[in-house]
Number of protein chains: 2
Amino acid sequence: MKLSKRGEYAMRALIDLAIAQALGRALLPLSELSEKEQIPAAFLEQILFQLRSAGIVASVRGKHGGYCLAKPTDQIRFGEIIRLIDGPLAPIRCVSQVAYARCTCPDEAHCGLRMLMLDVRNAVAGILDKYTLADVADVTLRKLRRDKVPSPFVPPAELAALFDAPGPARPTRRARVHPVVPQGQP
Amino acid sequence: MKLSKRGEYAMRALIDLAIAQALGRALLPLSELSEKEQIPAAFLEQILFQLRSAGIVASVRGKHGGYCLAKPTDQIRFGEIIRLIDGPLAPIRCVSQVAYARCTCPDEAHCGLRMLMLDVRNAVAGILDKYTLADVADVTLRKLRRDKVPSPFVPPAELAALFDAPGPARPTRRARVHPVVPQGQP
DNA sequence: CGTTAACCTGACCGTTCAAGTCAGGTTTCA
DNA sequence: TGAAACCTGACTTGAACGGTCAGGTTAACG
């Protein structure tokens, strides 16, 4: 019942992005994510590429570029993330909703193992498909404040300066949401 | 969140043993289990060895030998089986009760991912540590009867004969529960 | 008393996959 | 133009999974 490192890293990065967004910094460079979560940069890059291809994050190229969420935080569910990175939630394929496959047992309707695993799958999916990035970011921030822990992502003196000098604060470049997929399908 | 084949096979075999026991045949030879569940015999043997070492099944050697459960069916929980074969139930180690290990995040108390995964772990463990072989065997048998499906394990004409000729029907040999472990520890 | 059906046990093996690295792109800002 | 960032595919390496093999030991039965 393991979660892969890829999956773990993906969720950590996304949660970071959600929290940062809630604190007013939508765009984070790879380096910052990689450093905060102690994830090898090249590896995280790979994962973020996958997340971008799936339309979950967006990116801005060039200097001062970075990654941000491509959808509202309350529309990104953990089930979606894990399914993307690690595949079906179900412990065995014959109870998967998304990727059903027959198993070796001769009679699914009377398979004890199947009943049990269906229960497990439903419990897991129930949780993972219920909570969104918004939920987790919210609870986390509340906990941090309650315990008076200094918030992360209070940016590197750069945005702090912007605080003093208000205004429409730099025109925020448009982020690329989709990869430029030149697939030969009309 | 996958369950390994080993784990799957272990549970299938144990459920079979439980059902057979409920039907009056405690002892099943490897060949029968392997055939009914379509599991390579040598592989299943390996798994049963592991289950025996853990005191979950017992075995009888020699001709007409086989495997049976080493404990009452209502004292074998699925959590125990999976933990034995596949390791901890928790998706990530930092939420495991049985095999906790620290993860890379700097502050567990405020880790959003951890909260979520703890939820998942508890849901899974809640199910797997609640149901026993007795439960599943019970439900399965009831379903089979309800749907008028012929019960499995009505033995190979051998016990059927014993039915006709009653009596204390062979003195049921004692099964070895523990491996003869010659470990050098006093 | 030997044959045979069963369990016992460790060693081995091929494939897949996870985790991560590398090497070069391209884009944008200063 | 140079540096900082993202883009992308190819590669590597080690472990784990799923399974096989070989050679035991034990016990029933004719």
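The structure this text deals with has already been given above.
This structure is a prediction, so every number in the text was calculated from the model and none was measured.

**Here we look at unusual backbone geometry**
Residue and element names in this part refer to chain B.
Point 1. Within the chain, Q38 stands out as a residue other than glycine whose phi angle is a positive 60°.
Point 2. Relative to the helices and strands, Q38 resides in the loop between α2 (30-37) and α3 (41-53).
Point 3. On the basis of relative accessibility, which here comes to 57%, the residue Q38 falls in the exposed class.
Point 4. Residues other than glycine seldom take positive phi values, yet H64 does so here, at roughly 60°.
Point 5. Checked against the element boundaries, H64 lands in the loop between β1 (57-60) and β2 (66-69).

**Side note on the interface of chain A and chain B**
Point 1. With 40 residues of chain A in contact, the opposing surface of chain B contributes 40 residues.
Point 2. Here chain A packs against chain B, burying approximately 3800 Å² in sum over the two surfaces, 68% of which is carbon and sulfur.
Point 3. Summed over the shared surface of chain A and chain B, the result is 0 salt bridges.
Point 4. For the side of chain A that touches chain B, the secondary-structure elements that each account for two or more residues are α1 (5-22), α4 (78-86), α5 (112-128) and α6 (133-146) of chain A.
Point 5. Of the residues forming the side of chain A that touches chain B, the biggest block, 11 residues, is contributed by α5 of chain A.
Point 6. Partitioning the side of chain A that touches chain B into residue classes produces 29 nonpolar, 4 polar and 7 charged.

**Let's talk about the protein's contact with DNA strand C**
Point 1. Neighbouring residues of DNA strand C: 28 residues in total, closest Q46 of chain A together with L30, E45, F49 and S59 of chain B.
Point 2. Restricting the count to atoms of DNA strand C within 4 Å of the protein gives a sugar and phosphate share of 69%.
Point 3. In the environment of DNA strand C, a phosphate oxygen lies 2.7 Å from a nitrogen or oxygen atom belonging to the backbone of L30 of chain B.
Point 4. Side-chain polar atom of Q46 of chain B to a base nitrogen of DNA strand C: 3.4 Å apart, as the coordinates give it.
Point 5. Elements with a contribution of two residues or more to the surface near DNA strand C: α1 and α3 (41-53) of chain A together with α3, β1 and β2 of chain B.
Point 6. Examining the composition of the surface near DNA strand C, we find that 4 residues originate from one element, α3 of chain B, more than from any other.

**Focus: the packing of helix α1 (residues 5-22) of chain B against helix α4 (residues 78-86) of chain B**
Residues and elements named next belong to chain B.
Point 1. As a packed pair, α1 and α4 sit with axes 9 Å apart at the nearest point and diverge in direction by 140°. Of the two elements, α1 crosses α4, and the hand of that crossing is right-handed. Residue-level inspection shows R6, G7, A10, M11, L14 and I15 of α1 in contact with α4, the latter providing F78, I81, I82, I85 and D86.
Point 2. Within the contact of α1 with α4, the residues separate by chemical class into 8 nonpolar, 1 polar and 2 charged.

Criteria and thresholds
- Residues numbered from 1 in each chain as written.
- Chains lettered and ligands numbered in written order.
- Predicted model: local features only at pLDDT ≥ 70, side-chain atom pairs only at ≥ 80, totals over all residues.
- Heavy atoms only, no water.
- Helix = DSSP H or I, 4+ residues; strand = E, 2+ residues; numbered from the N terminus.
- Buried < 20%, exposed > 50% of the residue type's maximum accessible area, 1.4 Å probe, protein only.
- Contact = heavy atoms within 4.5 Å.
- Buried area = accessible area lost by both parts, 1.4 Å probe.
- Salt bridge = Lys/Arg side-chain N within 4 Å of Asp/Glu carboxyl O.
- Nonpolar A, V, L, I, M, F, W, Y, C, P; charged D, E, K, R; others polar.
- Near = heavy atom within 4 Å.
- Polar contact = N/O pair within 3.5 Å; in protein donor to acceptor, adjacent residues only side chain to side chain.
- Axes fitted to C-alpha atoms, helices over the stretch in contact; angles between N-to-C directions.
- Left-handed = near helix turned anticlockwise from the far one by under 90°.

No statement about biological role is implied by the geometric values presented.
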